[in-house]
Amino acid sequence: MKNLAISAALLACSLYVLPARAADSATPPAPAAPVVPGVSGVSGVRNAAEHQVLVMLHMPAPHFRPDANYGGRYGGDSGHAARRAIAEELAQTYGLIVVNDWPMPALGIDCYVMEDPAGDSAIHLAELLSRDPRAEWVQPMSQFHGLGNDGAADPLAAVQPAARLWHLDELHRVTTGRNVRVAVVDSGVEDDHPDLRGQVSVRENFVDTSPYAAEAHGTAVAGIIAAVAGNGIGIEGVAPGARLMALRACWQETGKDGGKDGGKPGGKDGGQGTSCNSFTLGKALNFAILHDAQVINLSLGGPPDRLLQRLLEAAQLRGIKVVAAVDPQRADGGFPASLPGVLAVRGLDAGMDAGLEANMPGRVVLLAPGRDIPTTAPGARWGFVSGSSYAAAHVSGMVALMTELQPRASLRQLREDLSSNGNGASTMAIDACATIGRITGNCPCSCATANASKQPIRLP
Amino acid sequence: MLCAVCLPAAAQTSGSVSLVSNYLFRGISLSDGNPVAQASVEYDGTQDWYAGLFASPVSIEHDPAHAQAIVYGGYAHPLWGAWSWDAGAGATRFAGDAADNYAEIFAGFSGEHLSGRVSYSPNYYGLDVRTVYTELNANYTLLEPHWRVLAHLGYLHVPPLWYATTASRYDSRVGLAANFGNWDVQLTWVAVERSRATSYYGNDPNPRSGVMSVSYSF
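Predicted model only: the values in this text are computed from it and were never measured.

**Side note on the overall build of chain B**
Helix and strand counts for chain B stand at zero helices and 14 strands. Ordered by position from N to C terminus, the α and β elements of chain B give β-β-β-β-β-β-β-β-β-β-β-β-β-β. Expressed as a percentage of its 218 residues, the buried residues of chain B come to 41%. Summarising the internal contacts of chain B: among those between residues at least 6 apart in sequence, 45% fall at separations of at least 24.

Set out below in structure tokens:
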């Protein structure tokens, strides 16, 4: 009973004394989680690791001790306290601060990290301290680096067809479509997607039956046009400097991934795709015109529509460039791709109905990458998409790049800059380097485009 | 501070002072159940040699001894990983009753969580009796970085002799330890086989005792 009372009294006293003591001690002596090295030193020196040294003190092997503390461990025995005192003395002698320590029984040493607040170089410090007999050895703190790819590059750029075919990296040194307003008239765009952050300046919903939602088709199109470049994630958009107007005039059917529909405009594959109607599209186009869009992307198709035709003609009168995807299922390429003033686009690899060109007389259908395109997907993800929708998105991006360089170019001028031949072919794969080369007068890429002539070539 | 500069490279002097609520040695109280203050000093040489001195007041019934000092020395060498072994000898001296003086040699091993030792004395507590004390100690970190659990199990082998007032016995200890900087606090529960430890050199042993200790290391 007496023992218990005394024990309790001692316990009470120590609990009172110890927390104050622990707060007093400036640095934790027991092995603690190491501070993040190099980012901010204890002394506030920038890039602290360059002024830090590792001082190794000899740590004798544990052995018999008759005092109350003996328990066969490295933490609380008196040896550790003594070494700590030696480290503090050493630090004081050379004007250093003890930052951290960690016993290393594997080598029989206690490793102390010391930092010079005066900013002396670690190598010099190590040399100086090495001569002191109290330390077993001293070395500077070294920095090591991972040997992966350059962190800033967009990892999926390697599989982007546009990156390869259009030499996006080289193009972007000349133009990024900076501040060009591109209206994406489509289903909902995930504007807080990590690869689209800051790219969407306007977001509107014109679908009365559902609230704005991030949807597959619109998000994919937006990503191809203007995904952030050089942020170390995902893809790089064709025109990463563009300002997107996300005008939701379409909706995703039945909650299935619209991207899998092969980009068929109008959702003809049994309710899994993206649908729009004359009214929602009309509202969106009206908005785009009133809010000074410079490019309108319509990755959709349907039957000829008077309202939409009138709106698109009004847009063209104001110098807005309209890009539309060709619907391979329709004989005339689908509306609005069939309209003369619209840049009709289909995928490079898409198998085409033989009769399609015949039904689009005098029209040049632009070809752009449209198969297995990596792009943004809702849920902060990325996925692969295929279809003329995405080829059109590429061309919208291309037009944005050109518009940065020539904001007031007419549609005619644009077509001339895009064309690489005058032989009247009805389809034309875009040579991005040559196109930009024609505008700036210098080929931006290391490609040898002998045909990058400065004379505009007349279209038939 | 001390002669840290005077000593050859890597030699270290360390020490500690402690306050214990009851000086229990191998399960038996040497302070008659009273709290005492203890101190120890130790020197760790460069070639794995070590030596030390420990002192404590004692209070033993029917025995005039009032203080105890242990002088010891040995050799400790790392094995692999966190394991090491050590061997040495110690002489225990009692002020006030030199008849109790005895010597002991020991050898043991130590790892991160476990340690053990065997100690042999040819004249335990001044009696013409050869004893062997075997012990196993364990410690485990409960909560980083301050809290640990401790456990100890020991067995003292005493050959049966008519004048030895004790028999072989087990002693055990289990408890909690907390370490804050240079301070170490331990609260442990000690148990000893009472029937076999009656009137061992005077003190009537308590089969189970709580012990509290506070130490400061330097």
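Now, onward.
**Considering the overall build of chain A**
Counting its regular elements, chain A contains 12 helices and 16 strands. The buried share of chain A, reckoned over its 460 residues, is 50%.

**Considerations on helix H3 (residues 122-130) of chain A**
Every buried residue of H3(A) is listed here: A:Ala122, A:Leu125 and A:Leu129. Along the axis of H3(A), the buried positions cluster into a sector of 60°, meaning they face one direction only.

**Quick notes on the nonpolar core**
All names here are of chain A. Judged by nonpolar contacts, the single largest core of 87 residues is most densely connected at Val182, Val184, Val185, Ile225, Val345 and Val395. Ranked by the residues each element gives to this core, the list is headed by helix H10 (residues 388-405), at 10 residues. Ignoring sequence-local partners within four residues, the contact set of Val345 consists of Val323, Ala325, Val326, Leu366, Ala368, Ser388, Ala391, Ala392 and Val395. Counting residues in hydrophobic clusters, the runner-up holds 24 residues, among them Ala85, Val98, Tyr112 and Leu125.

**Overview of the pairing of strand S8 (residues 102-110) of chain B**
Residues and elements named next belong to chain B. One ladder, built from nine bridges, connects strand S7 (residues 84-95) with S8; its direction is antiparallel. Looking at S8, one finds that Asp86 is bridged to Gly108. The turn joining S7 and S8, which pair antiparallel and follow one another in sequence, is formed by six residues; a positive phi near 105° is taken by Gly96. With six bridges connecting them, S8 and strand S9 (residues 114-121) associate as antiparallel partners. Across the sheet, residue Ser110 finds its bridge partner in S9, namely Ser115. The hairpin formed by S8 and S9 contains three residues between the paired strands.

**Here's the deal with the environment of B:Val17**
All names here are of chain B. When you line up the elements, Val17 lands in strand S1 (residues 12-20). It is 8.6 Å that separates the C-alpha atoms of Val17 and Phe218, two residues lying 201 residues apart in sequence. Once residues within four sequence positions are removed from consideration, Val17 is found in contact with Ala37, Ala39, Ser215 and Tyr216.

**Some words on the sheet that holds strand S14 (residues 208-217) of chain B**
Residue and element names in this part refer to chain B. Pairing is antiparallel in the closed barrel, where 12 strands are placed in the order S1-S4-S5-S6-S7-S8-S9-S10-S11-S12-S13-S14. Looking at each pair of strands side by side, their axes are set apart by 20° on average, direction ignored. Examined bridge by bridge, strand S12 (residues 169-180) and strand S13 (residues 183-192) share 10 bridges and lie antiparallel to one another. Paired with Asp171 across the strands is Val192, a residue of S13.

**Details of helix H12 (residues 432-440) of chain A**
Residues and elements named next belong to chain A. Most of H12 sits out of view: eight of its nine residues are buried. For H12, the set of buried residues is Ala432, Cys433, Ala434, Thr435, Ile436, Gly437, Arg438 and Ile439. Tucked into the core, H12 has its buried residues touching helix H5 (168-171), H10 and helix H11 (411-418). One or two steps after H12, the chain reaches Gly441, where phi turns positive at roughly 90°.

**Regarding the sheet that holds strand S3 (residues 109-115) of chain A**
In a beta sheet, neighbouring strands pair by backbone hydrogen bonds and run either parallel or antiparallel. Residue and element names in this part refer to chain A. A sheet is described by the order of its strands in space; here four strands give the open sequence S2-S3-S1-S4, paired in antiparallel fashion. What marks the edges here is a single partner per strand, and that holds for strand S2 (97-104) and strand S4 (137-140). On average, adjacent strands in this sheet sit at an angle of 20° to one another, irrespective of strand direction. Across seven bridges, strand S1 (residues 52-58) lies against S3 in antiparallel orientation. What sits directly across from Val53, in S3, is Met114. In this fold H3 packs onto S1 and S4, with an angle of close to 175° to the strand it touches most, S4.

**Focus: unusual backbone geometry**
Cis geometry marks the peptide bond from A:Phe335 to A:Pro336; its omega dihedral reads 10°. Backbone geometry at B:Arg26 places phi at a positive 50°, although glycine is not the residue there. Residue placement: B:Arg26 occurs in the loop between strand S2 (24-25) and strand S3 (28-29).

**Observations concerning the pairing of strand S10 (residues 131-143) of chain B**
All names here are of chain B. Pairing of S9 with S10, which is carried by eight bridges, proceeds in the antiparallel orientation. Its bridge partner lying in S10, Tyr120 is registered against Val132. By the bridge criterion, 11 bridges tie S10 to strand S11 (residues 147-157) in an arrangement that is antiparallel. In the sheet register, Asn137 faces S11, and the bridge partner there is His152. Where S10 folds back onto S11 in an antiparallel hairpin, the turn is made up of three residues.

**Section: the environment of B:Asp63**
Within the element layout of this structure, B:Asp63 appears in the loop between strand S5 (49-57) and strand S6 (67-78). Distance in space between the C-alpha atoms of B:Asp63 and B:Asp97 is 7.4 Å, their sequence separation being 34 residues.

**Observations concerning the packing of helix H7 (residues 278-290) of chain A against helix H8 (residues 306-317) of chain A**
Each pair of packed helices can be summarised by the angle the axes make with each other and by the distance between the axes. Residue and element names in this part refer to chain A. Closest axis-to-axis distance for the H7/H8 pair is 9 Å, and the angle between their directions is 15°. The angle between H7 and H8 places the two elements in the roughly parallel class. By crossing handedness, the relation of H7 to H8 is classed as left-handed. Contacts between H7 and H8 involve Ser278, Leu281, Gly282, Leu285, Asn286 and Ile289 from the first element and Leu307, Leu308, Leu311, Leu312, Ala314 and Ala315 from the second. Counted by class, the contact of H7 with H8 contains nine nonpolar, three polar and no charged residues.

**Considerations on the packing of H10(A) against H12(A)**
Residue and element names in this part refer to chain A. Where H10 meets H12, the closest approach of the two axes is 10 Å, and the angle between their N-to-C directions is 15°. In this view, H10 runs roughly parallel relative to H12, as classed from their interaxial angle. The two elements H10 and H12 cross, and the hand of that crossing is right-handed. Of H12, the residues touching H10 (which contributes Met398, Leu401, Met402 and Leu405) are Ala432, Thr435, Ile436, Ile439 and Thr440. Looking at the contact of H10 with H12, its residues break down into seven nonpolar, two polar and no charged.

**Here we look at the confidence of the model for chain A**
Model confidence for chain A is summarised by a mean pLDDT of 80, while 75% of its residues fall at 70 or above. For the stretch residues 14-40 of chain A, pLDDT sits under 50, and the model shows 33 contacts to residues farther than four places along the chain or on other chains.

**Section: the environment of A:Ala61**
Here A:Ala61 lies in the loop between S1 and helix H2 (78-94). When the C-alpha atoms of A:Ala61 and A:Ile109 are compared, they prove to be 9.4 Å apart, with 48 residues separating the residues in sequence. With near-sequence residues (within four places) excluded, A:Ala61 lies in contact with A:Gly108, B:Asp48, B:Ala76, B:His77, B:Pro78, B:Ser84 and B:Asp86.

Conventions adopted
Residues numbered from 1 in each chain as written. Chains lettered and ligands numbered in written order. Predicted model: local features only at pLDDT ≥ 70, side-chain atom pairs only at ≥ 80, totals over all residues. Helix = DSSP H or I, 4+ residues; strand = E, 2+ residues; numbered from the N terminus. Buried ≥ 20, exposed ≤ 12 C-beta atoms within 10 Å, placed from the backbone. Contact = placed C-beta atoms within 7 Å. Arc of directions from axis to C-beta. Core = buried A, V, L, I, M, F, W, Y, C linked by C-beta atoms within 7 Å. Pairing = 2+ DSSP bridges. Axes fitted to C-alpha atoms, helices over the stretch in contact; angles between N-to-C directions. Parallel < 35°, antiparallel > 145°, perpendicular 65-115°, else oblique. Left-handed = near helix turned anticlockwise from the far one by under 90°. Nonpolar A, V, L, I, M, F, W, Y, C, P; charged D, E, K, R; others polar. pLDDT = per-residue confidence, 0-100.

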